[in-house]
Amino acid sequence: MPDHLHIIARWSHARGLAREVAGLKRWLARRQGIVWQRDFFDHRLRSDAEFRAKADYVRLNPVRAGLVARAEDWPHTWSGR
């Protein structure tokens, strides 16, 4: 999406989610020149079904926004699998 970012990931509990997200945003800001808004929204996924539902939501976001006709046409998707 042109104005926000969705990430489904595991984070280090030892460092804490806020610290990890701040580090990622700092790295992306330096590398890509992004100016981020403050804070973030997190959602804990507690089941495989919830994971699949959120992953589908993220994949279909560019389609709902009218940026592409099909999710697979969106060029800014990466899966570590």
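Residues numbered from 1 in each chain as written. Predicted model: local features only at pLDDT ≥ 70, side-chain atom pairs only at ≥ 80, totals over all residues. Heavy atoms only, no water.

Describe the side chain of Asn 61, and please don't skip the residues or the numbers.
Among the secondary structure elements, Asn 61 is positioned in helix H2 (residues 48-64). With relative accessibility at 8%, the residue Asn 61 sits in the buried group. In this structure the side chain of Asn 61 is engaged in a polar contact, spanning 3.3 Å, whose partner is the side chain of His 4. (Helix = DSSP H or I, 4+ residues; strand = E, 2+ residues; numbered from the N terminus. Buried < 20%, exposed > 50% of the residue type's maximum accessible area, 1.4 Å probe, protein only. Polar contact = N/O pair within 3.5 Å; in protein donor to acceptor, adjacent residues only side chain to side chain.)

Could you give an account of unusual backbone geometry, naming the residues involved and the relevant values?
Although it is not a glycine, Asp 39 sits at a positive phi angle of roughly 65°. With respect to the helices, strands and loops of the structure, Asp 39 is situated in the loop between helix H1 (17-32) and H2.

Describe H1, and please don't skip the residues or the numbers.
Taking 1.5 Å of rise per residue, the 16 residues of H1 would be expected to cover 22 Å, and the 22 Å separating its terminal C-alpha atoms lies within 8% of that figure. Three or more residues of H1 are buried, namely Glu 20, Val 21, Lys 25 and Leu 28. Down the axis, H1 shows its buried residues gathered within 130° of arc, on one side only. In this structure, H1 carries Arg 19 and Arg 30 as exposed residues pointing more than 90 degrees from its buried face. Trailing H1 by a residue or two, Gly 33 shows a phi angle of about 70°, which is positive. (Expected span 1.5 Å × (residues − 1). Arc of directions from axis to C-beta.)

None of this, on its own, says anything about what the molecule does.
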